[in-house]
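Okay, here's what each chain looks like letter by letter:
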Amino acid sequence: MQSILDWWNWTDGQDHLYAFLLVMAVLYVLGTVLLLGYIWLLMLRRNRRSAWSAALRARLEDDIATWMAGDLSTWELSNRLHVEVRTDERARPILADVIYATSKLLREESQSQLRDLFRQMSLDQIVLQKLKSIKWHEQAYGCRVAGQLQLKEFLSLIRARTRSWRGVLRVEAITALVAMGDQSGLEKIAEDNHHLPDWEQVLLLERFKILNSHELPPYENWLNSSRPDWVLFGIRLCRHYNRFDKIADLGPLLRSGDSRVQTAVLGTFEAQGDPELVPVLLDYLPYATGGCLIRTLNLLADLMLRSEAMPVLLDYADHADPLVRLTALEALRRLGLPAPELHLLTKSRSDLALLTAH
């Protein structure tokens, strides 16, 4: 150290600069080597962890498959699983994933045995930790597992997640409540959540596809809701699952103040195409406006007999709205009204030109 100080005192500033740059270069190289070595160790550790996890998952899946085939008793399977957990506590979440995935594949078959096995291994504590986590995606995972395995002891925690501002978490919580048949919780959701965006409705419809028919919620609960978004969702459920026994209940919803609800009901009527809907549509016709009026006229023209539809459509052939007027004229033309009479009904050259173009 004394030699370095002596050299420093006897050299000029340029040598000091060279020495400083040399030290910085050495530190940079050492730092780079250390960083690369650390990254290499992390990657090596991650690869070993992935290989261990894959091997463990394969063993667990084989054991559960053997148990499901009847070649392994529940006691023997439980012992094997306990050995894996005692060997390495990190096996517990992987075991929870394997049982959850197996439950999704089997659905009704052996569901109760898997649920008992899940609780016997104290894996329900992992679900509890996930539901209480501050991370929304872990809470969503907990809702999925609890709903799939029917862990009804967590219903109160799942109901609380339905008030989350995270749409995905809210959808998972609603799906879990539906899967566990918690109808009171579903009614409370409709009361507390005024808004159910369209994308969440579509996502819920996809989630409900994995449920059995007896697990689906009663549609009338949402059809009678005071929240337009939930009424709209109930209508989409009826149409999505072809619940034609509920179509008759949709007629009064045409008087809803929300145009989306009216449009959804008309779309359901169009999909069914039942002539028995004509009286309902005729009652709604005086109240229909805009696009809903146009769809109603087209629907009546398709469902009614020619002799019955003609007078109804003639009343709208001189409507103030040009689109409504053109719709009525086009429907009359489809029903076979002669061209001279159509020309008499048209009040402007534009109507005639549009009608001719069609």
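Everything discussed here concerns the structure shown above.
Scoring rules and cut-offs
- Residues numbered from 1 in each chain as written.
- Predicted model: local features only at pLDDT ≥ 70, side-chain atom pairs only at ≥ 80, totals over all residues.
- Heavy atoms only, no water.
- Helix = DSSP H or I, 4+ residues; strand = E, 2+ residues; numbered from the N terminus.
- Buried < 20%, exposed > 50% of the residue type's maximum accessible area, 1.4 Å probe, protein only.
- Lys, Arg positive; Asp, Glu negative; His and termini not counted.
- Salt bridge = Lys/Arg side-chain N within 4 Å of Asp/Glu carboxyl O.
- Contact = heavy atoms within 4.5 Å.
- Axes fitted to C-alpha atoms, helices over the stretch in contact; angles between N-to-C directions.
- Parallel < 35°, antiparallel > 145°, perpendicular 65-115°, else oblique.
- Left-handed = near helix turned anticlockwise from the far one by under 90°.
- Nonpolar A, V, L, I, M, F, W, Y, C, P; charged D, E, K, R; others polar.
- Phe/Tyr/Trp six-rings, centres within 6.5 Å; stacked < 30°, edge-to-face > 60°.
- Lys NZ or Arg CZ within 6 Å of the ring centre and 35° of its normal.

Caption draft 1: Focus on the side chain of aspartate 124. The topology assignment puts aspartate 124 in helix α6 (residues 124-131). Buried charge aspartate 124 goes without a salt bridge, the closest partner of opposite sign being arginine 119 at 4.9 Å. In contact with aspartate 124, not counting residues within four places along its chain, are Phe118, Arg119, Glu153 and Phe154.

Caption draft 2: Just unusual backbone geometry, in detail. The phi torsion at serine 122 lies on the positive side, around 60°, for a residue other than glycine. Checked against the element boundaries, serine 122 lands in the loop between α5 (111-120) and α6. With a phi angle near 60°, glutamine 150 is a residue other than glycine that sits in the positive phi range. Within the secondary structure, glutamine 150 is located in the loop between α7 (136-148) and α8 (155-161). When its relative accessible area of 18% is taken as the criterion, glutamine 150 is described as buried.

Caption draft 3: Quick peek at the packing of helix α9 (residues 167-179) against helix α11 (residues 198-208). Running from N to C, α9 and α11 cross one another at 40°; their axes reach a closest spacing of 10 Å. By the angle between their directions, the pair α9 and α11 is classed as oblique. By crossing handedness, the relation of α9 to α11 is classed as right-handed. Two secondary-structure elements touch here, α9 through Gly167, Val168, Arg170, Val171, Glu172, Ile174, Thr175 and Val178 and α11 through Trp199, Glu200, Leu203, Leu204, Arg207 and Phe208. In terms of residue class, the contact of α9 with α11 is made up of eight nonpolar, two polar and four charged.

Caption draft 4: Region of the structure containing the packing of aromatic side chains. Per the counting criterion, the structure on display carries two aromatic pairs. Plain terms: the ring middles of tyrosine 100 and tyrosine 141 are 6.1 Å apart, the flat faces sit at 80° to each other, and that makes the pair edge-to-face. On the criterion of sequence distance, the pair formed by tyrosine 100 in helix α4 (residues 91-106) and tyrosine 141 in helix α7 is long-range, its members being 41 residues apart. A single burial state applies to tyrosine 100 and to tyrosine 141, both of which are buried. Their ring planes at 80° and their centres at 6.4 Å tell us that tryptophan 230 and phenylalanine 233 sit as a pair that is edge-to-face. Of this pair, tryptophan 230 and phenylalanine 233 are both found in helix α13 (residues 228-240), three residues apart, which corresponds to roughly one turn of the helix. Given a relative accessible area of 0%, phenylalanine 233 falls into the buried group. Over the ring of tryptophan 52 we find arginine 90, and its NZ or CZ is 4.7 Å from the ring centre.

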